[in-house]
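Listed below, chain by chain, are the residues.
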Amino acid sequence: MPVTRKTASQPLILISNDDSIQSAGIATLVRVMQRLGEVVVVAPNSPQSGMGHAITLGEPLRLERNYRFEGVEAYECSGTPADCVKVAKHHVLKDRTADLVVSGVNHGSNSSVNVLYSGTMSAAIEAAIEGLPAIGFSLCDFAHDADFTHAEPWIEHIAREALANGIPAGTALNVNIPKKSDDPIVGAKLCRQARAKWQEEFLVRNDPYNRPYYWLLGNFVNEDHGTDTDEWALAHNYISIVPCQFDLTALHGLTQMNENWTLELPGQPAAPVPAHPHPVRPEDYGPANPNG
C-alpha cells in the first residue's frame, strides 16, 4: 500500500520511542495517530530504555526504511531516541514541519524522577527543544505482552486536545497511564512531578575469571504525600499529565544563592567586564563540529 501524504487539513505527526520500532507500544501509537493525520515514524532499531537524553557523537548513524506499518513512512535508526527526533526533523522531514511529536507508548512507568532516565521522554523533550509540540506516553505495565487497549481512547483524546489547543512553548507532556485492571480509568489529571527516588544498591558477583561485575538494583520510594502529584493520580487510577521543561534552572536556587553567596575572591578586586564578549566557539563543545 502506498504511503499516504498529508493534505491541507491533516496534521503531520512524527512518532518515535525507546523500546524500538518492533515494540507493541509503538504499533499502538501508530494505529491511534493514523486516525488523526499523516504519520511518519523514526524509531530506534533496538531497545534504548534508560538512555535519557544521550545523543550519538563520534560515530555514524544508520537510517533504513522499515515496512512494518502499512501505508506509513517509517525508518529505523541506529541511534538513541533523541537522535531519532533530530534526524527526523533535519533529514527525513526536511522542509516539512511536524504538527505534533508523540513518543511511546512505553512499556513501564515514566512518572516522577523516572522522567530523567527515560528514553521515551527524551524523544519528546528533544522535540520541544526544536520548538515542536510533543507528548511522551507511557503505560505502567512493563510486561512485553501488556494490554494497551484501554489506553487507546485516552491517547487519541489527549493528542486531539494537543492539536486543537496547543502545548505551552518549551514544554513536553509526560503522560502516564495506569495498567489495565478491573477498575476503569477515572479520568485524566494535570499534575506536578512527585518528589520520589530510587533507593539503589549494587549486587556484586564475579565472572568466570574471578573479576567483579555489578548489577544495579533498587526500590522506588515515593516521599511525596501531596494529592496533586503524578504518583497520587496513578495510584487512584487517573492518567497523569505533567508538563515538563528542558530548562533545568532552579529559580528558587538562584534566589537563595544570590542572597547568601559571595562570588568574589577574598581580598581581590573584581575584574572589569570585557568590552567585547568571547562566546564559546562551536568547536569547543566537542566533536559535533570537528572542523570548527
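Conventions and cut-offs
Residues numbered from 1 in each chain as written. Predicted model: local features only at pLDDT ≥ 70, side-chain atom pairs only at ≥ 80, totals over all residues. Heavy atoms only, no water. Helix = DSSP H or I, 4+ residues; strand = E, 2+ residues; numbered from the N terminus. Buried < 20%, exposed > 50% of the residue type's maximum accessible area, 1.4 Å probe, protein only. Contact = heavy atoms within 4.5 Å. Pairing = 2+ DSSP bridges. Axes fitted to C-alpha atoms, helices over the stretch in contact; angles between N-to-C directions.

### Considering unusual backbone geometry
Argument step 1. Cis geometry is adopted by the peptide bond preceding Val105, which originates at Gly104 and carries an omega value of -10°.
Argument step 2. By secondary structure assignment, the location of Val105 is in strand E5 (residues 100-107).
Argument step 3. For Ser20, which is not a glycine, the phi torsion comes out positive at approximately 95°.
Argument step 4. Residue Asn210 is not a glycine yet carries a positive backbone phi of 65°.
Argument step 5. Examined against the element boundaries, Asn210 turns out to sit in the loop between strand E9 (196-206) and strand E10 (212-222).

### Thoughts on helix H1 (residues 24-33)
Argument step 1. The element H1 is extensively covered by neighbouring structure, given that eight of its 10 residues are classed as buried.
Argument step 2. Those residues of H1 not exposed but buried are Gly25, Ile26, Ala27, Thr28, Leu29, Val30, Val32 and Met33.
Argument step 3. Check the buried side of H1 and you find it contacts strand E1 (12-16), strand E2 (38-44), E5, strand E6 (134-139) and helix H4 (152-165).

### Examining the pairing of strand E7 (residues 171-177)
Argument step 1. Along E7, seven of the seven residues are buried, which leaves the element largely enclosed by surrounding structure.
Argument step 2. Burial along E7 is two-sided: the face carrying Thr171, Leu173, Val175 and Ile177 and the face carrying Ala172, Asn174 and Asn176 are both buried.
Argument step 3. Of the strand pairs in this sheet, E6 and E7 are connected by five bridges, and their pairing is parallel. Within the sheet, the bridge partner assigned to Gly136 lies in E7 and is Asn174.

### Some points on the sheet that holds E6
Argument step 1. One open sheet accounts for nine strands, arranged E3-E4-E2-E1-E5-E6-E7-E11-E8; its pairing is mixed. The sheet terminates laterally at strand E3 (63-66) and strand E8 (187-190), the two strands that pair on one side only. Looking at each pair of strands side by side, their axes are set apart by 25° on average, direction ignored.
Argument step 2. In terms of strand pairing, E1 meets E5 through four bridges, oriented parallel. By the bridge assignment for E5, Leu14 is matched with Val101.

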